[in-house]
Amino acid sequence: MPQVTAEAWVGVAPEVAFAVSQTTGEVRLSWDPFIRHQHLIDADRPGKDVRTLTKARVGPTMISRYVSYRPPTSVGMTMEKGPWFFATFGGGWRFTPEERDGVAGTRAVWKYTWSARPSWLAPVANPIGRWLLGREIRARISAFARACANPDVLEAV
């Protein structure tokens, strides 16, 4: 299965980094360049087995389910319903304490994996997916890193 990975270091504790990554509503929209709209389905807060509807700014809509939710270390999701070109899609975000230059912080590593539909299209779709999803995940984690330094976002978590 193809995958893309991106990472960033942020100067906040893993608990704060995790909380920023799980913001919802206007706070999430203020920093996440991928999302046009997102809401939890039949839940008030994220958690294992909670479903989320996400509309991307570039168009596709996906319903995903949290398959793991382990504050402050990791979160994982899988697609339940999504764009026609994904047979499967999943993601995992990990947060580990890491000190850099004497500053305590967090190393965030985000990874997405997928399989293309129809399968015969994979030889063409996978390189395109790596490029496109790679670009998106790098932009998204960079925005997350900026959010972890934004006083308005930090105040909201």
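Scroll up a little and you will see the structure.
Report on the accompanying structure. Everything quoted here is computed from the prediction, not taken from an experiment.

**Quick look at helix H3 (residues 122–147)**
Residues separated by three or four positions in an α-helix point in the same direction, a consequence of the helix having 3.6 residues per turn.
And then number 1: For H3, spanning 26 residues, the distance from its first C-alpha to its last is 35 Å, which sits close to the expected 38 Å at 1.5 Å a residue.
And then number 2: Turning to H3, its buried residues are Ala 122, Asn 126, Gly 129, Leu 133, Gly 134, Glu 136, Ile 137, Arg 140, Ile 141, Ala 143, Phe 144 and Ala 147.

**Thoughts on the pattern of salt bridges**
And then number 1: Within the structure shown, the criterion is met by nine salt bridges.
And then number 2: Here Glu 7 ties to Arg 107 by a salt bridge, and the two come within 2.9 Å at their closest N and O atoms. Residue Glu 7 is located in strand E1 (residues 3–10), and its partner Arg 107 is located in strand E7 (residues 103–116); the two are separated by 100 residues in the primary sequence.
And then number 3: On the basis of relative accessibility, which here comes to 43%, the residue Glu 7 falls in the partly exposed class.
And then number 4: Glu 80 is paired through a salt bridge with Arg 65; the nearest N and O atoms lie 2.9 Å apart. Here Glu 80 is found in strand E5 (residues 74–81), whereas its partner Arg 65 is found in strand E4 (residues 61–70), with 15 residues between them in sequence.
And then number 5: Its relative accessible area of 25% is what places Arg 65 among the partly exposed residues.

**As for helix H1 (residues 14–21)**
And then number 1: Pro 14, Ala 17, Phe 18, Val 20 and Ser 21 are the residues of H1 that are buried. Projection of H1 onto a plane perpendicular to its axis shows the buried side chains occupying an angular sector of 160 degrees, all on one side.

**So, the sheet that holds strand E6 (residues 86–100)**
Working definition: the strands of a sheet are paired by backbone hydrogen bonds and lie parallel or antiparallel to each other.
And then number 1: The antiparallel open sheet is built from seven strands, whose spatial order is E1-E7-E6-E5-E4-E3-E2. Of all strands in the sheet, those with a lone pairing partner are E1 and strand E2 (35–41), marking the two edges. Mean inter-strand twist for the sheet, computed between neighbouring axes without regard to direction, equals 20 degrees.
And then number 2: In terms of strand pairing, E2 meets strand E3 (residues 51–56) through six bridges, oriented antiparallel. Residue pairing for E3: Ile 41 is matched across the bridge by Arg 51.
And then number 3: With respect to the sheet, H1 is in contact with E1, E4, E5, E6 and E7, its orientation differing from that of E6 by roughly 150 degrees.
And then number 4: Strands in contact with H3 are E1, E2, E6 and E7; relative to E7, the strand with the most contacts, it is inclined by about 155 degrees.

What counts and what doesn't
- Residues numbered from 1 in each chain as written.
- Predicted model: local features only at pLDDT ≥ 70, side-chain atom pairs only at ≥ 80, totals over all residues.
- Heavy atoms only, no water.
- Helix = DSSP H or I, 4+ residues; strand = E, 2+ residues; numbered from the N terminus.
- Expected span 1.5 Å × (residues − 1).
- Buried < 20%, exposed > 50% of the residue type's maximum accessible area, 1.4 Å probe, protein only.
- Salt bridge = Lys/Arg side-chain N within 4 Å of Asp/Glu carboxyl O.
- Arc of directions from axis to C-beta.
- Pairing = 2+ DSSP bridges.
- Axes fitted to C-alpha atoms, helices over the stretch in contact; angles between N-to-C directions.
- Contact = heavy atoms within 4.5 Å.

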